[in-house]
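Overview (structure and organization)
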Amino acid sequence: MRIVQSVKHTKNKDGHHWLKHGWMVHFTNNDKTLRRHYWRLDSQSITLFVSDTGSKYYKEIPLNEILTIDTARTPHGDVMHCFELRTANVDYMVGLDPLAPLPPPAPPAPPAALPPPESGVGAYLARSWETAIRHAALPHTPAHRDQPADSAVDKDGAAAAAGESEEAQEERATDMAHVYQIHPDEVLGSGQFGIVYGGLHRRTNRPVAIKVIDKLRFPTKQEAQLKNEVAILQNLSHPGVVNLERMFETPERIFVVMEKLKGDMLEMILSHEKGRLTERITKYLVAQILVALKHLHGSNIVHCDLKPENVLLSSAGHFPQVKLCDFGFARIIGEKSFRRSVVGTPAYLAPEVLRNKGYNRSLDMWSVGVIVYVSLSGTFPFNEDEDIGEQIQNAAFMYPPAPWREISAEAIDLINNLLQVKQRKRLSVDKSLAHAWLQTQEAWSDLRALERRVGRRYLTHGSDDARWEGGEAAAADPDT
């Protein structure tokens, strides 16, 4: 079974990837004349075209100029519109509902058939436009629009007047848009909670990743999972775990700001010329995953959703620094404790989860075994023609000659010792790190080279220096 790449959202660079298009009517607070145009919505703006075929347009409304999107509450004169787009200079009253009764003293409107779509009239058309514009405008809309008028901006202005530093103002700020800028065209990916956009820290121009969650689109349980992830990351500080900078919350949205990285392990596997990684690169990546897991397990945190998509890379080279991300399923589990709640991604899940049995930190070790197998072969360790769940529960894994005849016996031994159905037989983090496959002079030298690049020793230990240093001089930094 070949690995299937995660779907990535992309934006057509010629600007003509329309999210929605169709006829719509509107008027403004300055001009009550009802106008009908062919509306086209993309990730940057709403363009009101004169026709549905030509390129001549009447007006363009940039999404970043929209202050609020409000459902209409009262009619303007004799016209009942459907929703309002408010900008700094003009308010657009959009849609027309001919079936809506006007408030007294006007008599109720008589029943009528729905107008055709090309008329641009009808609440059913306007409601779909309102929803589409709300979704498209999400990354553009600053958080302070959802907050009271006396919130962050005013407070920060007062702080500045009092001589407070910019850094101190940022710490006090509750307005995401005051501190960070979102790039709505730079979609880095999408997870179970929302879309991740590229962004910028305004004061330093440092790139960041910003996960934007529309709370109205997700049930309370998923919102709780997100807050679980944030709570865990806020208490974690390790070079092998993605750094959470800030979280901002409004009544409608949650913004989670994280360090920006250069891709993930799945992309690395798929982009390799053979569709799989070499043993040297796999050792290098897996050792870093295990060191990060050692820190997590030492803090009684079990990731519960380890897979290549959740292993982020700090650079595009062959030997990047690795950081674990996506802690939405993570659990606090003591050394001798067990949990039973549903977690993870099926293809990487251990048998005890599929059987609804109690699981502990050894769950992550099974996932590491699958990651090693996938990295070295470019395939899952299952037969796609048979039930995957049954194969996992029976540990019925395959090592076909291509490519496994080229892979070392030590690598296969590590995989076999991680993919153990009985949890007590599964290797722990410490025993995995001490396995012969990872204990080579070349692997140690590659990790030492990374430690020198990042300026921190966290992957190797000084007690190993005497053992491996003899041949280190001959091993150049693999990324230089």
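Residues numbered from 1 in each chain as written. Predicted model: local features only at pLDDT ≥ 70, side-chain atom pairs only at ≥ 80, totals over all residues. Heavy atoms only, no water.

**Examining the packing of aromatic side chains**
Going through the model one piece at a time under the given rule, you end up with nine aromatic pairs. Both rings, one in Trp 23 and one in Tyr 38, keep their centres 5.2 Å apart while their planes meet at 75°; by these two values the pair is edge-to-face. Taken as a pair, Trp 23 in strand β1 (residues 20–28) and Tyr 38 in strand β2 (residues 35–41) lie far apart in primary sequence, 15 residues in all. On the accessibility criterion, Trp 23 (15% relative accessible area) is buried. For Tyr 38, a relative accessible area of 11% corresponds to the buried category. (Phe/Tyr/Trp six-rings, centres within 6.5 Å; stacked < 30°, edge-to-face > 60°. Helix = DSSP H or I, 4+ residues; strand = E, 2+ residues; numbered from the N terminus. Buried < 20%, exposed > 50% of the residue type's maximum accessible area, 1.4 Å probe, protein only.)

**A short note on the UniProt feature "binding site: ATP" (unreviewed entry) in the protein**
In this numbering, the UniProt entry assigns the feature "binding site: ATP" (unreviewed entry) to Lys 211. Along the chain, the position of Lys 211 falls in strand β10 (residues 206–214). (UniProt positions renumbered as here; feature names shortened; annotations may be inferred.)

**A short note on the pairing of β2**
Counted residue by residue, β2 has five buried out of seven residues, so it is predominantly covered. Between β1 and the antiparallel strand that follows it, β2, lie six residues. As paired strands, β2 and strand β3 (residues 45–49) are joined by four bridges and run antiparallel to one another. Paired with Tyr 38 across the bridge in β3 is Phe 49. Between β2 and β3, which pair antiparallel and follow one another directly, the connecting turn spans three residues. (Pairing = 2+ DSSP bridges.)

**Points about a positive patch on the surface**
The grouping of Arg 355, Lys 357, Lys 422, Arg 424 and Lys 425 at the surface amounts to a positive patch. Looking at the element boundaries, Lys 357 is found in the loop between α8 (351–354) and α9 (362–377). (Patch = residues over 30% accessible without salt bridge, like charges linked within 9 Å, V, L, I, M, F, W, Y side chains within 5 Å. Areas by Shrake-Rupley, 256 points an atom, 1.4 Å probe, with all protein chains shown as cover. Salt bridge = Lys/Arg side-chain N within 4 Å of Asp/Glu carboxyl O. Lys, Arg positive; Asp, Glu negative; His and termini not counted. Charge placed at Lys NZ, Arg CZ, Asp CG, Glu CD.)

**Details of the pattern of salt bridges**
Here the idea is simple: oppositely charged side chains can pair when their charged atoms come close. Counted according to the given criterion, the structure contains 16 salt bridges. A salt bridge links Arg 86 to Asp 70, with the shortest nitrogen-to-oxygen separation between them at 3.1 Å. Taken together, the residues Arg 86 in strand β6 (residues 83–86) and Asp 70 in strand β5 (residues 68–71) connect sequence positions 16 residues apart. For the salt bridge of Glu 245 with Arg 206, the shortest nitrogen-to-oxygen distance reads 2.3 Å. Remark: Arg 206 occurs in strand β10 and Glu 245 occurs in strand β11 (residues 244–249); sequence separation between them is 39 residues. For Glu 245, a relative accessible area of 24% corresponds to the partly exposed category. The exposure class assigned to Arg 206 is partly exposed, which follows from its relative accessible area of 33%. Salt bridges here are not isolated pairs; linked through shared partners, they connect Asp 70, Glu 84, Arg 86 and Asp 91.

**Description of the packing of helix α7 (residues 279–298) against helix α14 (residues 441–454)**
Taken N-terminus to C-terminus, the directions of α7 and α14 make an angle of 60°; their axes are 10 Å apart at the nearest point. When the axes of α7 and α14 are compared, the pair comes out oblique. In terms of crossing hand, the pair formed by α7 and α14 is right-handed. For the pair α7 and α14, contact is made by Arg 280, Lys 283, Tyr 284, Ala 287 and Gln 288 and by Glu 442, Ala 443, Asp 446, Leu 447, Leu 450 and Arg 453, respectively. Residues of the contact of α7 with α14, tallied by class, amount to five nonpolar, one polar and five charged. (Axes fitted to C-alpha atoms, helices over the stretch in contact; angles between N-to-C directions. Parallel < 35°, antiparallel > 145°, perpendicular 65-115°, else oblique. Left-handed = near helix turned anticlockwise from the far one by under 90°. Contact = heavy atoms within 4.5 Å. Nonpolar A, V, L, I, M, F, W, Y, C, P; charged D, E, K, R; others polar.)

**Concerning the nonpolar core**
Taken as a class, soluble globular proteins show a tendency for nonpolar side chains to be buried jointly. Counting 80 residues, the largest nonpolar core has Leu 285, Ile 289, Leu 293, Leu 324, Phe 327 and Val 368 as its most contacted members. It is α7 that provides the largest number of residues to this core, a total of 11 residues. In contact with Val 368, not counting residues within four places along its chain, are Val 286, Ile 289, Leu 290, Leu 293, Leu 306 and Leu 418. Membership of the second largest hydrophobic core comes to 22 residues, among which are Trp 39, Ile 46, Leu 63 and Ala 126. (Core = buried A, V, L, I, M, F, W, Y, C linked by side-chain atoms within 4.5 Å.)

**Re the confidence of the model for the protein**
When pLDDT is averaged across the protein, the result is 80; 75% of the residues are at 70 or more. Confidence drops under a pLDDT of 50 for residues 4–15, and excluding neighbours within four residues, the segment shows 16 contacts in the predicted structure. (pLDDT = per-residue confidence, 0-100.)

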